[in-house]
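Topology and contacts: notes
The lines below spell out each chain.
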Amino acid sequence: MPDYDTFAVQVRKHLATDEERQSGYMFIERRTEQRLDGSGRATSESIKVFEVYPGLPGQDRYRRLIEEDGKPVPPAKLAQRDRDRQKEVESYAKRMSTSRDRQKETQQLQKEQRKYSAAIDDVFRIYDIHMVRREAIEGHDTIMATLVPKDGVKPLTDDGKIMRHFKARAWISESDYELVRVEIEAIDDLSIGLGLLARVHKGTTATYQRRKVNDEVWLPAQVTWTASARVLLVKRLRLRGIAEFSGYRKFTVDTSTTYSTPPS
C-alpha cells in the first residue's frame, strides 16, 4: 500500500464537487425513480431525460427536460422553456453589469468554496480511514479504503453532522488520486428537517461512480440509491433511484444558445 499520509494529501488536492467537474460540459442525464413494495419490487416508476448545461455563476446546472416516461417533450413546450431560460440569462447579465453586483457574486462564490473546504476538513476529522487493498475498476488501478465514523468527534459543519450517520467504502485511482467509486450506508436513523419532514432509516445505501472521459477528466457516470423513509413521521416509503450521465461534450459559447441533443 502507498504511504497513507502522502496519498491522502494528493487525494485531498483532487477532491472536487460535481458542479466544478461538470461546469465545462453539457451532457445527458437519465433519472429513474421507483417506489418499492415490502419485497423490494417496483410498484411504480418515473423516468426523465434531461439535457444538462452549466448553470449561471452561483446557480445550479440548467436541466432541460426532453423526455418523460418514454415520451418526448412537445417542441412547443421546449421552445417556451428555451425562451424562459433566455430571459433568465439576459436578466442575469443585466444584474452583473455593475462592479458592485459582480463583487457580490464573487464574494458568494468564495463563501461556497470556503464551505466546501470546511466540509472536506470534516471528512478527514470525522472518519477513521484505512486503505485496505488494490482493486481494478474498468481497467484503472485503485486503492479501496474504508471510512468509519470515529467516536466522540464533533463535526464543525452541517455536512459533517450528516457524515456521522454514514459509513463508506471508497475507491481512489492510484495514478490520478481521483475518486472513482464510493458506496455509503446509513448506520443509524437520520432525521431530515428537524425530524418533522422525514426520517431516513438505518440501512439506506447509495453508490456513486465516476468515469474517465476522453482520457483527461473524471466525471460522474452513475449514482444509485435505495432508501426507506418515513415522511411527516407517518407514511413510510421505500424508494430506489438511478441517475446515469452520458454524452459529455465540452461547453462553448455557441452551445449556450443552441440546443441540440448530445450523442448518448
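Description of the structure in this document. (Residues numbered from 1 in each chain as written. Predicted model: local features only at pLDDT ≥ 70, side-chain atom pairs only at ≥ 80, totals over all residues. Heavy atoms only, no water.)

1. As for the packing of helix H1 (residues 4–14) against helix H4 (residues 99–126)
Where H1 meets H4, the axes come as close as 12 Å, and the angle between the chain directions of the two elements is 155 degrees. Regarding the angle of H1 to H4, the classification is roughly antiparallel. Note that H1 runs across H4; the crossing there is right-handed. Here Tyr-4, Ala-8 and Arg-12 of H1 come into contact with H4, specifically with Ser-117, Ile-120, Asp-121 and Phe-124. Residue composition of the contact of H1 with H4, grouped by class: four nonpolar, one polar and two charged. (Axes fitted to C-alpha atoms, helices over the stretch in contact; angles between N-to-C directions. Helix = DSSP H or I, 4+ residues; strand = E, 2+ residues; numbered from the N terminus. Parallel < 35°, antiparallel > 145°, perpendicular 65-115°, else oblique. Left-handed = near helix turned anticlockwise from the far one by under 90°. Contact = heavy atoms within 4.5 Å. Nonpolar A, V, L, I, M, F, W, Y, C, P; charged D, E, K, R; others polar.)

2. As for the side chain of Asp-122
When you line up the elements, Asp-122 lands in helix H4. Among the polar contacts listed, one links the side chain of Asp-122 to the backbone nitrogen of Leu-156, at a separation of 3.0 Å. Apart from the residues within four sequence positions on either side, Asp-122 is in contact with Tyr-127, Pro-155, Leu-156, Thr-157, Gly-160 and Met-163. (Polar contact = N/O pair within 3.5 Å; in protein donor to acceptor, adjacent residues only side chain to side chain.)

Everything listed is a geometric property; what it means functionally is a separate question.
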